[in-house]
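Here are the chains, one letter per residue:
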Amino acid sequence: MFRYQRLCSVRGDQGKAIRSLLDRIGDKWALLLIATLHDGPFRFTELEQRIPGISRRMLTLTLRNLERDGLVTRTTFAEVPPRVEYELTDLAQSLIPHAVALAEWAGEHVPVIEASRTAYDERF
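Reading guide: rules and limits
Each chain carries its own residue numbering, running from 1 in the written order of its sequence. It should be noted that, the model being predicted, local features are given only for residues of pLDDT at least 70 and side-chain atom pairs only at 80 or more, the latter also being counted only at that level, while totals for whole chains, interfaces and linings use all residues. Here the side-chain values reflect all heavy atoms present in the structure, with hydrogen atoms and water set aside. What counts as a helix is a DSSP run of H or I of at least four residues, what counts as a strand is a run of E of at least two, and both are numbered from the N terminus. Accessibility here uses a 1.4 Å probe with only protein chains present; expressed as a share of the type maximum, an area under 20% marks a residue as buried, one over 50% as exposed, and anything in between as partly exposed. Note on contacts: a residue pair qualifies if any of its non-hydrogen atoms lie within 4.5 Å across the two residues. To be clear, the arc concerns the directions from the helix axis to the C-beta atoms. In the sections that follow, a salt bridge refers to a side-chain nitrogen of Lys or Arg positioned within 4 Å of a carboxyl oxygen of Asp or Glu.

Q: An account of the environment of Leu-47 is requested, with residue identities and associated values reported.
A: Secondary-structure assignment places Leu-47 in helix H4 (residues 44-50). We classify Leu-47 as buried; its relative accessible area is 0%. Not counting residues up to four positions away in its chain, the partners in contact with Leu-47 are Leu-33, Thr-36, Leu-37, Phe-42, Leu-59, Leu-63 and Tyr-86.

Q: Account for helix H3 (residues 30-37), with residues named and values stated.
A: For an α-helix, the turn length of 3.6 residues means that residues three or four places apart are oriented alike. Where H3 is concerned, the buried positions are Ala-30, Leu-33, Ile-34, Thr-36 and Leu-37. Each buried residue of H3 sits inside an arc of 160 degrees when the element is viewed along its axis, so together they form one side.

Q: Which residues make up the pattern of salt bridges, and what are the values?
A: Enumeration over the complete set of coordinates arrives at four salt bridges. For the salt bridge of Asp-69 with Arg-24, the shortest nitrogen-to-oxygen distance reads 2.7 Å. With a gap of 45 residues between them, Asp-69 in the loop between helix H5 (56-68) and strand E2 (72-77) and Arg-24 in helix H2 (residues 16-25) connect regions that are remote in the sequence. With relative accessibility at 27%, the residue Asp-69 sits in the partly exposed group. Since its relative accessible area comes to 18%, Arg-24 is described here as buried. Glu-79 is paired through a salt bridge with Arg-83; the nearest N and O atoms lie 2.9 Å apart. Given the relative accessible area of 19%, Arg-83 is considered buried.

What follows is the structure, encoded as structure tokens:
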């Protein structure tokens, strides 16, 4: 049995559930949104302003997916006009240290990775 075989066979689905979740949190916008909400809660327009380059559609889709996965809560306030706020769940809060560690690793190794990419590209 190889070192991470257990992870690949969790729930008897050959790692499908884990890959699906990693795809979700590793997509282009999810971690940025999670990091932004770490300072939250925020309203939709505040999130839109704080995350440069995200379209309204992608913000909506990402929020819905994170809510579906239990990482974000959406609270609607009975006011006129209605007010909606998004914030991280405890589950998402537990992800923050791991996401920060990964981001720090990436930041520390960017020069090495870029040099490797350049060397690889020059071969072809």
